[in-house]
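Results of the structural survey
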Amino acid sequence: MSEITLYGSPLSLYTGRVRSYLIKAGLVYREMLPNSRHYEENVLPQMGGRRSIPAVVTQSGKVIRDGAAIIDHYEAKNNNAFSPESPKQRILSLLFDVIGSEGLLRPAMHYRWSFPNENQEFLQFHFETFVPPQLDKKEVVEQRMNTMRGAGRNFGAVAETFALIESLYIELTEKLNAHFSLHPYLLGAKPCIGDFGLIAPLYGHLGRDPKPLRLMQAKAVCLFRWVERMNRPEPDIGEFDAQNHHYLVDDQIPETLVDVLGQLAIDFIPETKAACMCINEWLGEQSSPEANTVAERGVGMCTFEVAGESITALAQPYRFYLLKRVQDEYDQLSGTDKDDVDTLLQACGMSELMDLRLSREIGRCDNREVWL
Ligand SMILES: N[C@@H](CCC(=O)N[C@@H](CS)C(=O)NCC(=O)O)C(=O)O
(Lines give C-alpha, C1' and ligand atoms only; values in the text may rest on other atoms or scores of the structure.)
Protein backbone atom coordinates (compact mmCIF):
# COMPACT_ATOMS: atom_id res chain seq x y z
CA MET A 1 0.00 0.00 0.00
CA SER A 2 1.36 3.48 -0.81
CA GLU A 3 2.10 5.85 2.04
CA ILE A 4 0.53 9.22 2.87
CA THR A 5 2.38 12.22 1.42
CA LEU A 6 2.46 15.22 3.71
CA TYR A 7 3.32 18.47 1.91
CA GLY A 8 4.79 20.76 4.53
CA SER A 9 7.97 22.06 6.07
CA PRO A 10 9.79 21.62 9.39
CA LEU A 11 9.48 25.37 9.78
CA SER A 12 5.73 25.54 9.31
CA LEU A 13 3.42 26.13 12.24
CA TYR A 14 0.41 24.34 10.78
CA THR A 15 2.42 21.41 9.40
CA GLY A 16 3.54 20.68 12.98
CA ARG A 17 -0.06 20.03 14.02
CA VAL A 18 -0.69 17.42 11.30
CA ARG A 19 2.74 15.82 11.55
CA SER A 20 2.27 15.23 15.26
CA TYR A 21 -1.18 13.70 14.64
CA LEU A 22 0.16 11.33 11.98
CA ILE A 23 3.04 10.29 14.26
CA LYS A 24 0.83 9.67 17.29
CA ALA A 25 -1.78 7.85 15.20
CA GLY A 26 0.96 5.52 13.91
CA LEU A 27 0.27 6.44 10.29
CA VAL A 28 3.09 5.97 7.80
CA TYR A 29 3.76 9.17 5.88
CA ARG A 30 6.45 10.87 3.89
CA GLU A 31 6.99 14.61 4.25
CA MET A 32 7.83 16.58 1.10
CA LEU A 33 8.42 20.25 0.50
CA PRO A 34 5.86 21.83 -1.84
CA ASN A 35 8.50 22.71 -4.43
CA SER A 36 8.38 19.99 -7.07
CA ARG A 37 6.94 19.96 -10.54
CA HIS A 38 4.73 17.06 -9.47
CA TYR A 39 3.29 19.22 -6.67
CA GLU A 40 2.64 22.18 -9.01
CA GLU A 41 1.02 20.07 -11.72
CA ASN A 42 -0.89 17.43 -9.78
CA VAL A 43 -1.45 18.54 -6.19
CA LEU A 44 -1.83 22.33 -6.21
CA PRO A 45 -4.67 22.30 -8.78
CA GLN A 46 -6.70 20.22 -6.30
CA MET A 47 -6.16 22.62 -3.38
CA GLY A 48 -8.98 25.03 -4.20
CA GLY A 49 -6.65 27.77 -5.41
CA ARG A 50 -4.87 28.25 -2.07
CA ARG A 51 -1.17 27.50 -1.82
CA SER A 52 -0.95 26.62 1.86
CA ILE A 53 0.78 23.93 3.87
CA PRO A 54 -0.02 21.40 5.21
CA ALA A 55 -1.75 19.40 2.52
CA VAL A 56 -1.80 15.63 2.22
CA VAL A 57 -2.26 13.18 -0.59
CA THR A 58 -3.98 10.20 1.01
CA GLN A 59 -3.18 6.59 0.19
CA SER A 60 -6.10 6.58 -2.24
CA GLY A 61 -4.79 9.73 -3.98
CA LYS A 62 -7.20 12.27 -2.50
CA VAL A 63 -5.76 15.75 -1.83
CA ILE A 64 -6.77 17.37 1.48
CA ARG A 65 -5.71 20.96 2.23
CA ASP A 66 -6.01 22.41 5.75
CA GLY A 67 -4.79 20.93 9.02
CA ALA A 68 -8.20 20.60 10.66
CA ALA A 69 -9.65 18.83 7.61
CA ILE A 70 -6.69 16.45 7.46
CA ILE A 71 -6.97 15.56 11.14
CA ASP A 72 -10.78 15.19 10.81
CA HIS A 73 -10.26 12.79 7.93
CA TYR A 74 -7.89 10.50 9.82
CA GLU A 75 -9.67 10.88 13.17
CA ALA A 76 -12.89 9.61 11.54
CA LYS A 77 -11.03 6.58 10.19
CA ASN A 78 -9.29 6.10 13.54
CA ASN A 79 -12.47 5.73 15.61
CA ASN A 80 -11.93 9.24 17.04
CA ALA A 81 -9.00 7.89 19.03
CA PHE A 82 -7.79 11.34 20.14
CA SER A 83 -11.18 12.81 21.04
CA PRO A 84 -11.98 12.37 24.74
CA GLU A 85 -15.47 11.12 25.57
CA SER A 86 -16.44 13.03 28.72
CA PRO A 87 -17.97 16.54 28.51
CA LYS A 88 -15.42 18.81 30.19
CA GLN A 89 -12.48 17.08 28.53
CA ARG A 90 -14.20 17.19 25.12
CA ILE A 91 -14.83 20.93 25.43
CA LEU A 92 -11.28 21.73 26.56
CA SER A 93 -9.76 19.55 23.88
CA LEU A 94 -11.62 21.49 21.16
CA LEU A 95 -10.90 24.80 22.88
CA PHE A 96 -7.15 24.16 22.92
CA ASP A 97 -7.41 23.25 19.23
CA VAL A 98 -8.77 26.74 18.42
CA ILE A 99 -6.40 28.62 20.69
CA GLY A 100 -3.38 26.63 19.57
CA SER A 101 -4.20 27.05 15.89
CA GLU A 102 -5.24 30.71 15.93
CA GLY A 103 -4.56 32.28 19.31
CA LEU A 104 -0.77 32.24 19.60
CA LEU A 105 0.21 33.74 16.26
CA ARG A 106 1.62 36.92 17.86
CA PRO A 107 4.29 35.23 20.00
CA ALA A 108 4.96 32.72 17.19
CA MET A 109 5.64 35.53 14.69
CA HIS A 110 7.41 37.84 17.14
CA TYR A 111 9.92 35.25 18.33
CA ARG A 112 10.58 34.26 14.70
CA TRP A 113 10.92 37.65 13.05
CA SER A 114 12.07 40.13 15.72
CA PHE A 115 15.42 38.47 16.51
CA PRO A 116 17.45 38.49 13.27
CA ASN A 117 20.80 38.01 15.04
CA GLU A 118 19.65 34.69 16.44
CA ASN A 119 17.26 33.47 13.73
CA GLN A 120 18.30 34.88 10.34
CA GLU A 121 20.62 32.14 9.13
CA PHE A 122 18.25 29.40 10.25
CA LEU A 123 15.26 31.00 8.54
CA GLN A 124 17.24 31.77 5.38
CA PHE A 125 18.16 28.08 5.03
CA HIS A 126 14.58 26.93 5.35
CA PHE A 127 13.11 29.57 3.06
CA GLU A 128 15.67 28.60 0.40
CA THR A 129 14.50 24.99 0.54
CA PHE A 130 11.05 26.08 -0.67
CA VAL A 131 12.31 27.62 -3.88
CA PRO A 132 12.13 25.43 -6.99
CA PRO A 133 15.55 25.13 -8.73
CA GLN A 134 14.57 27.17 -11.82
CA LEU A 135 13.84 30.35 -9.82
CA ASP A 136 16.24 33.00 -8.49
CA LYS A 137 16.67 31.83 -4.87
CA LYS A 138 17.92 35.12 -3.44
CA GLU A 139 15.13 37.23 -4.89
CA VAL A 140 12.32 34.78 -4.09
CA VAL A 141 13.53 34.17 -0.54
CA GLU A 142 13.76 37.86 0.24
CA GLN A 143 10.29 38.46 -1.12
CA ARG A 144 8.75 35.53 0.80
CA MET A 145 10.49 36.42 4.06
CA ASN A 146 9.19 39.97 3.74
CA THR A 147 5.68 38.67 3.16
CA MET A 148 5.87 36.61 6.37
CA ARG A 149 7.30 39.56 8.34
CA GLY A 150 4.29 41.51 7.12
CA ALA A 151 1.97 38.70 8.25
CA GLY A 152 3.46 39.01 11.76
CA ARG A 153 2.65 42.73 11.80
CA ASN A 154 -0.86 41.92 10.58
CA PHE A 155 -1.38 39.62 13.56
CA GLY A 156 -0.44 42.53 15.86
CA ALA A 157 3.26 41.85 16.46
CA VAL A 158 4.64 45.40 16.09
CA ALA A 159 7.33 47.22 18.08
CA GLU A 160 4.77 48.83 20.43
CA THR A 161 3.40 45.41 21.46
CA PHE A 162 6.64 43.40 21.71
CA ALA A 163 7.01 43.85 25.49
CA LEU A 164 3.41 42.80 26.10
CA ILE A 165 3.71 39.78 23.76
CA GLU A 166 6.85 38.68 25.61
CA SER A 167 5.41 39.07 29.10
CA LEU A 168 2.24 37.15 28.16
CA TYR A 169 4.30 34.41 26.53
CA ILE A 170 6.74 34.03 29.43
CA GLU A 171 3.84 33.69 31.88
CA LEU A 172 2.22 31.17 29.56
CA THR A 173 5.38 29.06 29.37
CA GLU A 174 5.59 29.06 33.18
CA LYS A 175 2.01 27.84 33.47
CA LEU A 176 2.41 25.23 30.74
CA ASN A 177 5.63 24.10 32.35
CA ALA A 178 3.87 23.64 35.69
CA HIS A 179 1.19 21.56 33.95
CA PHE A 180 3.60 19.35 32.01
CA SER A 181 5.66 18.74 35.13
CA LEU A 182 2.62 16.82 36.46
CA HIS A 183 1.00 15.44 33.30
CA PRO A 184 2.56 14.23 30.03
CA TYR A 185 -0.21 15.76 27.87
CA LEU A 186 -3.03 18.27 28.37
CA LEU A 187 -5.57 15.76 29.67
CA GLY A 188 -3.40 13.05 31.16
CA ALA A 189 -1.22 10.39 29.60
CA LYS A 190 -2.61 10.50 26.06
CA PRO A 191 -2.65 13.38 23.56
CA CYS A 192 -6.01 14.83 22.57
CA ILE A 193 -7.07 16.99 19.60
CA GLY A 194 -6.21 20.03 21.74
CA ASP A 195 -2.59 18.88 22.10
CA PHE A 196 -2.31 18.81 18.30
CA GLY A 197 -3.69 22.35 18.05
CA LEU A 198 -1.32 23.61 20.72
CA ILE A 199 1.76 21.99 19.24
CA ALA A 200 1.29 24.11 16.07
CA PRO A 201 2.84 27.33 17.44
CA LEU A 202 4.88 25.58 20.12
CA TYR A 203 6.84 23.37 17.73
CA GLY A 204 7.34 24.93 14.28
CA HIS A 205 8.14 28.39 15.64
CA LEU A 206 8.44 28.55 19.44
CA GLY A 207 9.99 25.12 20.00
CA ARG A 208 12.36 25.14 17.05
CA ASP A 209 13.53 28.61 15.93
CA PRO A 210 16.85 29.34 17.72
CA LYS A 211 15.73 32.29 19.89
CA PRO A 212 12.53 30.83 21.41
CA LEU A 213 13.95 27.28 21.51
CA ARG A 214 16.75 28.45 23.80
CA LEU A 215 14.25 30.26 25.96
CA MET A 216 12.07 27.16 26.28
CA GLN A 217 14.99 24.85 27.01
CA ALA A 218 16.38 27.21 29.64
CA LYS A 219 13.16 28.23 31.37
CA ALA A 220 10.52 25.59 30.70
CA VAL A 221 12.08 22.12 30.53
CA CYS A 222 8.83 20.21 31.03
CA LEU A 223 7.16 22.20 28.27
CA PHE A 224 10.13 21.44 26.03
CA ARG A 225 9.77 17.75 26.89
CA TRP A 226 6.09 17.87 25.82
CA VAL A 227 7.16 19.39 22.50
CA GLU A 228 9.61 16.52 22.02
CA ARG A 229 7.04 13.96 23.15
CA MET A 230 4.49 15.27 20.64
CA ASN A 231 6.93 14.44 17.86
CA ARG A 232 7.67 10.87 18.91
CA PRO A 233 5.71 7.74 18.07
CA GLU A 234 6.02 6.14 21.52
CA PRO A 235 4.43 7.75 24.59
CA ASP A 236 7.82 9.10 25.79
CA ILE A 237 6.70 9.47 29.41
CA GLY A 238 9.75 8.02 31.18
CA GLU A 239 9.93 10.72 33.84
CA PHE A 240 6.38 10.10 35.10
CA ASP A 241 5.43 7.56 37.78
CA ALA A 242 2.18 6.55 36.11
CA GLN A 243 2.85 4.66 32.88
CA ASN A 244 -0.74 4.35 31.63
CA HIS A 245 -1.84 5.73 28.26
CA HIS A 246 -5.27 7.21 28.88
CA TYR A 247 -7.00 10.45 29.74
CA LEU A 248 -7.51 11.36 33.40
CA VAL A 249 -10.42 9.40 34.85
CA ASP A 250 -13.82 10.85 35.86
CA ASP A 251 -13.58 13.80 33.49
CA GLN A 252 -10.94 15.41 35.71
CA ILE A 253 -9.43 18.72 34.65
CA PRO A 254 -6.18 19.56 36.43
CA GLU A 255 -5.99 22.94 38.16
CA THR A 256 -2.79 23.57 36.24
CA LEU A 257 -4.78 23.49 33.00
CA VAL A 258 -7.33 25.98 34.34
CA ASP A 259 -4.37 28.27 35.10
CA VAL A 260 -3.08 27.87 31.54
CA LEU A 261 -6.46 28.77 30.08
CA GLY A 262 -6.84 31.72 32.43
CA GLN A 263 -3.55 33.04 31.06
CA LEU A 264 -4.55 32.43 27.43
CA ALA A 265 -7.88 34.21 28.00
CA ILE A 266 -6.06 37.51 28.66
CA ASP A 267 -5.72 38.23 24.95
CA PHE A 268 -7.78 35.47 23.35
CA ILE A 269 -11.07 36.82 24.73
CA PRO A 270 -10.70 40.51 23.79
CA GLU A 271 -9.33 39.60 20.37
CA THR A 272 -12.14 37.11 19.67
CA LYS A 273 -14.77 39.67 20.75
CA ALA A 274 -13.30 42.36 18.51
CA ALA A 275 -12.86 39.96 15.57
CA CYS A 276 -16.43 38.68 15.94
CA MET A 277 -17.81 42.21 15.81
CA CYS A 278 -15.60 43.15 12.86
CA ILE A 279 -16.50 40.06 10.80
CA ASN A 280 -20.23 40.37 11.58
CA GLU A 281 -20.14 44.02 10.52
CA TRP A 282 -18.37 43.02 7.33
CA LEU A 283 -20.93 40.28 6.70
CA GLY A 284 -23.70 42.85 7.22
CA GLU A 285 -22.17 45.10 4.57
CA GLN A 286 -21.92 42.37 1.94
CA SER A 287 -24.86 42.03 -0.36
CA SER A 288 -25.47 38.47 0.80
CA PRO A 289 -22.48 36.59 -0.63
CA GLU A 290 -23.55 33.58 -2.62
CA ALA A 291 -23.36 30.21 -0.88
CA ASN A 292 -19.89 28.69 -1.14
CA THR A 293 -18.10 32.03 -1.58
CA VAL A 294 -14.54 31.55 -0.30
CA ALA A 295 -14.03 32.78 3.28
CA GLU A 296 -10.72 34.64 2.95
CA ARG A 297 -8.10 34.51 5.68
CA GLY A 298 -8.90 38.03 6.89
CA VAL A 299 -11.78 40.43 6.28
CA GLY A 300 -10.51 43.54 8.05
CA MET A 301 -8.49 44.81 11.00
CA CYS A 302 -9.87 44.96 14.53
CA THR A 303 -8.52 46.78 17.57
CA PHE A 304 -8.78 45.60 21.17
CA GLU A 305 -7.24 46.26 24.57
CA VAL A 306 -5.02 43.82 26.43
CA ALA A 307 -3.64 44.75 29.85
CA GLY A 308 -4.28 48.42 29.10
CA GLU A 309 -2.53 48.32 25.72
CA SER A 310 -4.07 48.56 22.30
CA ILE A 311 -3.49 45.83 19.69
CA THR A 312 -4.66 45.87 16.08
CA ALA A 313 -4.88 42.53 14.30
CA LEU A 314 -6.46 40.82 11.32
CA ALA A 315 -10.00 39.56 11.99
CA GLN A 316 -9.89 35.97 10.79
CA PRO A 317 -13.03 33.98 9.99
CA TYR A 318 -11.08 30.71 10.42
CA ARG A 319 -10.89 31.28 14.20
CA PHE A 320 -14.69 31.08 14.24
CA TYR A 321 -14.76 28.02 11.99
CA LEU A 322 -12.83 26.18 14.73
CA LEU A 323 -14.62 27.90 17.62
CA LYS A 324 -17.95 26.69 16.20
CA ARG A 325 -16.83 23.14 16.98
CA VAL A 326 -16.57 24.06 20.67
CA GLN A 327 -19.91 25.86 20.53
CA ASP A 328 -21.63 22.91 18.79
CA GLU A 329 -20.32 20.58 21.49
CA TYR A 330 -21.47 23.03 24.16
CA ASP A 331 -24.95 23.34 22.61
CA GLN A 332 -25.48 19.60 22.97
CA LEU A 333 -24.95 19.66 26.73
CA SER A 334 -27.74 19.68 29.27
CA GLY A 335 -28.30 19.17 33.00
CA THR A 336 -25.30 18.70 35.27
CA ASP A 337 -22.94 18.22 32.32
CA LYS A 338 -23.75 21.75 31.14
CA ASP A 339 -23.53 23.15 34.68
CA ASP A 340 -20.11 21.53 35.15
CA VAL A 341 -18.84 22.89 31.84
CA ASP A 342 -20.22 26.37 32.65
CA THR A 343 -18.41 26.35 36.00
CA LEU A 344 -15.20 25.22 34.31
CA LEU A 345 -15.34 27.83 31.54
CA GLN A 346 -16.03 30.51 34.15
CA ALA A 347 -12.98 29.41 36.16
CA CYS A 348 -10.88 29.60 32.97
CA GLY A 349 -12.20 33.07 32.06
CA MET A 350 -13.51 31.61 28.80
CA SER A 351 -17.32 31.71 29.28
CA GLU A 352 -17.91 34.59 26.87
CA LEU A 353 -16.63 32.48 23.98
CA MET A 354 -19.84 30.46 23.87
CA ASP A 355 -21.76 33.61 22.80
CA LEU A 356 -19.29 34.90 20.21
CA ARG A 357 -20.87 33.61 17.02
CA LEU A 358 -20.76 34.77 13.43
CA SER A 359 -24.02 35.67 11.71
CA ARG A 360 -23.13 33.32 8.88
CA GLU A 361 -21.69 29.83 9.11
CA ILE A 362 -18.45 28.63 7.53
CA GLY A 363 -18.13 25.23 5.90
CA ARG A 364 -15.83 23.61 3.37
CA CYS A 365 -16.14 23.16 -0.36
CA ASP A 366 -13.41 22.05 -2.77
CA ASN A 367 -10.70 22.24 -0.11
CA ARG A 368 -11.51 25.84 0.90
CA GLU A 369 -13.37 27.35 3.82
CA VAL A 370 -16.51 28.96 2.41
CA TRP A 371 -19.49 30.99 3.62
CA LEU A 372 -22.42 28.57 3.67
N1 LIG B 1 -5.92 26.89 8.02
C2 LIG B 1 -4.73 26.39 7.40
C3 LIG B 1 -3.62 27.41 7.50
C4 LIG B 1 -2.37 26.96 6.78
C5 LIG B 1 -1.33 28.06 6.68
O6 LIG B 1 -1.63 29.26 6.79
N7 LIG B 1 -0.09 27.62 6.47
C8 LIG B 1 1.00 28.56 6.28
C9 LIG B 1 2.32 27.94 6.64
S10 LIG B 1 2.42 27.46 8.32
C11 LIG B 1 1.02 28.89 4.82
O12 LIG B 1 0.98 28.04 3.96
N13 LIG B 1 1.07 30.19 4.53
C14 LIG B 1 1.09 30.69 3.20
C15 LIG B 1 -0.26 31.20 2.77
O16 LIG B 1 -1.23 31.10 3.54
O17 LIG B 1 -0.33 31.70 1.65
C18 LIG B 1 -4.34 25.09 8.10
O19 LIG B 1 -4.67 24.94 9.28
O20 LIG B 1 -3.77 24.22 7.46
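Residues numbered from 1 in each chain as written. Predicted model: local features only at pLDDT ≥ 70, side-chain atom pairs only at ≥ 80, totals over all residues.

Looking now at the overall build of the protein. The helix and strand inventory of the protein stands at 14 helices and 9 strands. Computed over the C-alpha atoms, the radius of gyration of the protein is 20 Å, within 12% of the 21 Å expected from 2.2 N^0.38 for a compact globule of 372 residues. By principal-axis analysis of the C-alpha atoms, the protein measures approximately 60 × 55 × 45 Å. For the protein, the proportion of its 372 residues judged to be buried stands at 41%. If you take every contact in the protein between residues at least 6 apart in sequence, the share linking residues at least 24 apart comes to 76%. (Helix = DSSP H or I, 4+ residues; strand = E, 2+ residues; numbered from the N terminus. Rg over C-alpha atoms; globule rule 2.2 N^0.38 Å. Buried ≥ 20, exposed ≤ 12 C-beta atoms within 10 Å, placed from the backbone. Contact = placed C-beta atoms within 7 Å.)

Across 4 bridges, the pairing between strand S1 (residues 4-7) and strand S2 (residues 29-32) is parallel. Of the residues in S2, the one forming a bridge with Tyr7 is Met32. Taken together, S1, helix H1 (residues 13-24) and S2 form a β-α-β motif whose crossover is right-handed. (Pairing = 2+ DSSP bridges. Right-handed = clockwise from strand over helix to strand, strands pointing away.)

Let's shift gears to helix H4 (residues 87-102). Spanning 16 residues, H4 covers 23 Å between terminal C-alpha atoms, matching the ideal 22 Å at 1.5 Å per step. In terms of residue burial, H4 counts as a mostly covered element, since 15 of its 16 residues are buried. (Expected span 1.5 Å × (residues − 1).)

Let us look at the environment of Gly103. Secondary-structure assignment places Gly103 in the loop between H4 and helix H5 (105-113). C-alpha separation for the pair Gly103 and Ser60, spaced 43 residues apart in sequence, amounts to 34 Å. In this structure Gly103 touches Val98, Leu264 and Phe268, once residues within four positions along its chain are discounted.

On to the environment of Arg144, then. Along the chain, the position of Arg144 falls in helix H7 (residues 137-154). Considered as a pair, Arg144 and Phe127 are 17 residues apart in the sequence and their alpha carbons are 7.7 Å apart.

Right, let's get into the nonpolar core. Leu95, Ile199, Leu223 and Val227 are the most contacted members of the largest nonpolar core, which has 90 residues in total. In terms of residues, this core owes the most to one element, helix H12 (residues 255-285), which gives 11 residues. Aside from chain neighbours lying at most four places away, what touches Leu95 is Gly194, Val326 and Met350. (Core = buried A, V, L, I, M, F, W, Y, C linked by C-beta atoms within 7 Å.)

Close to the ligand lie Ser12, Leu13, Tyr14, Arg51, Ser52, Ile53, Pro54, Asp66, Gly67, Ala68 and Tyr318, which account for all nearby residues. Elements supplying a minimum of two residues to the shell around the ligand: H1 and helix H3 (67-77). Split into classes, the residues belonging to the shell around the ligand amount to 6 nonpolar, 3 polar and 2 charged. (Near = placed C-beta within 6 Å. Nonpolar A, V, L, I, M, F, W, Y, C, P; charged D, E, K, R; others polar.)

Take the pairing of strand S7 (residues 309-314) next. Pairing between strand S6 (residues 301-306) and S7: 6 bridges, direction antiparallel. Bridging across to S7, Glu305 finds its partner in Ser310. The antiparallel pairing of S6 with S7 creates a hairpin that spans 2 residues between the two strands, and Ala307 there sits at a positive phi of about 50 degrees.

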